[in-house]
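Coordinate analysis (summary)
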Amino acid sequence: MAFVFLLSCATRPPQQPCNAGLALVNAAAWVQSAAEYRASAMQTYAEARRALDAALAIPDGKPAAVILDLDETSLDNTPFEARMVHSRKTYDADAWKQWVSESAAGATPGAAEFLTYARSRSVTPFYITNRKADEKEATRRNLEKLGYPVTDETLLTRVDTSDKGSRREYVATHYRVLLLLGDDLNDFTDATGKTLEQRAAITRDNAGLWGTSWFILPNPMYGSWESAIAGNGSDCEKLRKKIEALQP
């Protein structure tokens, strides 16, 4: 019996080491290369433009504004994700800081045209991002390179918390906020620490806002949806949890 056990162990293929960075390959390649991604992003911004016109048709005393997230909403960071794939990592803080300092992110398809149109209608875009305060100057340079309308006052970086609610409220005290655009539930409401079921309820309970004043961009690469599935742990542990969560 011992011989049979040892033989089975000897003939079993060796377990391959986890390479969590490769989990980003399909998602990053789709966002970077697929015509279907470009079409979906352009479609979202086209619908947002029509909703903007509809909202402006209703008179209001306050000046009008729209609020956009940056990363994977109005800025395309897929070159950074490609670096992570080649480095066999899912994320690296030092590499991210280097990427931000280069001010090299591209425009999300449809974003530049939407922002140009918004300004032509005297609508002020605000950018609420969880990039850090010491990344603000490089981020502003990036937006200016893309021709996005931006000032120090309209670029709101992370201060004490990743929760964007207080920054949205700050804008709303001075402006009539017509639209919110983002790639994560937290760009619209507080979804921090919510379970998959709670996140589904948020989406369902706000059904009337999607496509009218809330517009979401597809981002399969990263987001708060990941922690709802995988929680904390190493990259390999989180990858395993994601695989186990798949429903055949």
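The paragraphs below set out a description of the structure included in this document. In this text, all values refer to a predicted model and were calculated from it rather than measured experimentally.

**Notes on the overall build of the protein**
The helix and strand inventory of the protein stands at 11 helices and 7 strands. Along the three orthogonal principal directions, the C-alpha set of the protein runs to about 85 × 40 × 40 Å. Split into buried and exposed, the 248 residues of the protein put 38% on the buried side. Considering only contacts within the protein whose residues lie at least 6 apart along the sequence, 75% involve residues at least 24 apart. When the accessible surface of the protein is split by element, carbon and sulfur atoms take 56% of a total near 13,600 Å². Distance between charge centres in the protein, computed from 29 positive and 32 negative side chains, equals 1 Å.

**Some thoughts on the packing of helix α3 (residues 35-56) against helix α6 (residues 111-120)**
Running from amino to carboxyl end, α3 crosses α6 at an angle of 15°, the nearest separation of the two axes being 9 Å. Put simply, α3 runs roughly parallel to α6. You can see that α3 and α6 cross each other, and the crossing is right-handed. Seen from α3, the contacting residues are Y45, A48, R49, L52 and D53; seen from α6, they are A111, F114, Y117 and A118. Split by residue class, the contact of α3 with α6 holds 7 nonpolar, no polar and 2 charged.

**A look at unusual backbone geometry**
Even without a glycine there, the phi angle at E72 is positive, about 70°. Using a relative accessible area of 4% as the deciding quantity, one classes E72 as buried. If you check the backbone angles, S103 has positive phi at about 50° while not being a glycine. Examined against the element boundaries, S103 turns out to sit in the loop between α5 (93-101) and β3 (106-107). A relative accessible area of 3% means that S103 is categorised as buried.

**Observations regarding the packing of aromatic side chains**
Counted by the stated rule, this structure contains 8 aromatic pairs. Ring geometry for W30 against Y37: centres 5.5 Å apart, planes inclined by 70°, an arrangement best described as edge-to-face. Classification of W30 as partly exposed rests on a relative accessible area of 31%. On the basis of relative accessibility, which here comes to 4%, the residue Y37 falls in the buried class. Seen from their ring centres, F188 and W214 are 5.3 Å apart, and the 35° between their planes marks the pair as tilted. Here W214 lies in strand β7 (residues 214-216) and F188 lies in the loop between β6 (176-182) and α9 (196-205), a separation of 26 residues in the sequence.

**Observations concerning the state of the cysteines**
Per the counting criterion, the structure on display carries 1 disulfide. Covalent S-S linkage joins C18 and C236, the inter-sulfur distance amounting to 2.1 Å. Between C18 and C236, the S-S dihedral sits near -100°, and the bridge is therefore left-handed. Taken together, the residues span a long stretch of sequence, with C18 in the loop between α1 (2-11) and α2 (25-33) and C236 in helix α11 (residues 235-245) at a distance of 218 residues.

**Brief notes about the sheet that holds strand β1 (residues 64-68)**
Strands sit in the order β5-β4-β1-β6-β7 across an open sheet of 5 strands; the sheet is parallel. Edge positions in the open sheet fall to β5 (155-158) and β7, since each of these has one partner strand only. Each neighbouring strand pair of the sheet contributes to a mean axis angle of 20°, computed without reference to strand direction. On the sheet, helix α7 (residues 136-145) packs against β4 (124-132) and β5 and is oriented at approximately 140° with respect to β5.

**Notes on the environment of G21**
Within the secondary structure, G21 sits in the loop between α1 and α2. Assessed through its relative accessible area of 0%, G21 is described here as buried. Sequence-wise, G21 and T90 are 69 residues apart; in three dimensions their C-alpha atoms are separated by 4.6 Å. Ignoring sequence-local partners within four residues, the contact set of G21 consists of V85, R88, K89 and T90.

**Side note on α9**
Of the residues making up α9, those classed as buried are R199, A201 and I202. All buried residues of α9 fall inside an arc of 155° around its axis, so they share one side. Exposed side of α9, more than 90 degrees from the buried face: E197 and R204 are the residues found there. Here the buried face of α9 lies against α10 (224-230).

Procedures and definitions
- Residues numbered from 1 in each chain as written.
- Predicted model: local features only at pLDDT ≥ 70, side-chain atom pairs only at ≥ 80, totals over all residues.
- Heavy atoms only, no water.
- Helix = DSSP H or I, 4+ residues; strand = E, 2+ residues; numbered from the N terminus.
- Buried < 20%, exposed > 50% of the residue type's maximum accessible area, 1.4 Å probe, protein only.
- Contact = heavy atoms within 4.5 Å.
- Areas by Shrake-Rupley, 256 points an atom, 1.4 Å probe, with all protein chains shown as cover.
- Lys, Arg positive; Asp, Glu negative; His and termini not counted.
- Charge placed at Lys NZ, Arg CZ, Asp CG, Glu CD.
- Axes fitted to C-alpha atoms, helices over the stretch in contact; angles between N-to-C directions.
- Parallel < 35°, antiparallel > 145°, perpendicular 65-115°, else oblique.
- Left-handed = near helix turned anticlockwise from the far one by under 90°.
- Nonpolar A, V, L, I, M, F, W, Y, C, P; charged D, E, K, R; others polar.
- Phe/Tyr/Trp six-rings, centres within 6.5 Å; stacked < 30°, edge-to-face > 60°.
- Disulfide = S-S within 2.5 Å.
- Pairing = 2+ DSSP bridges.
- Arc of directions from axis to C-beta.

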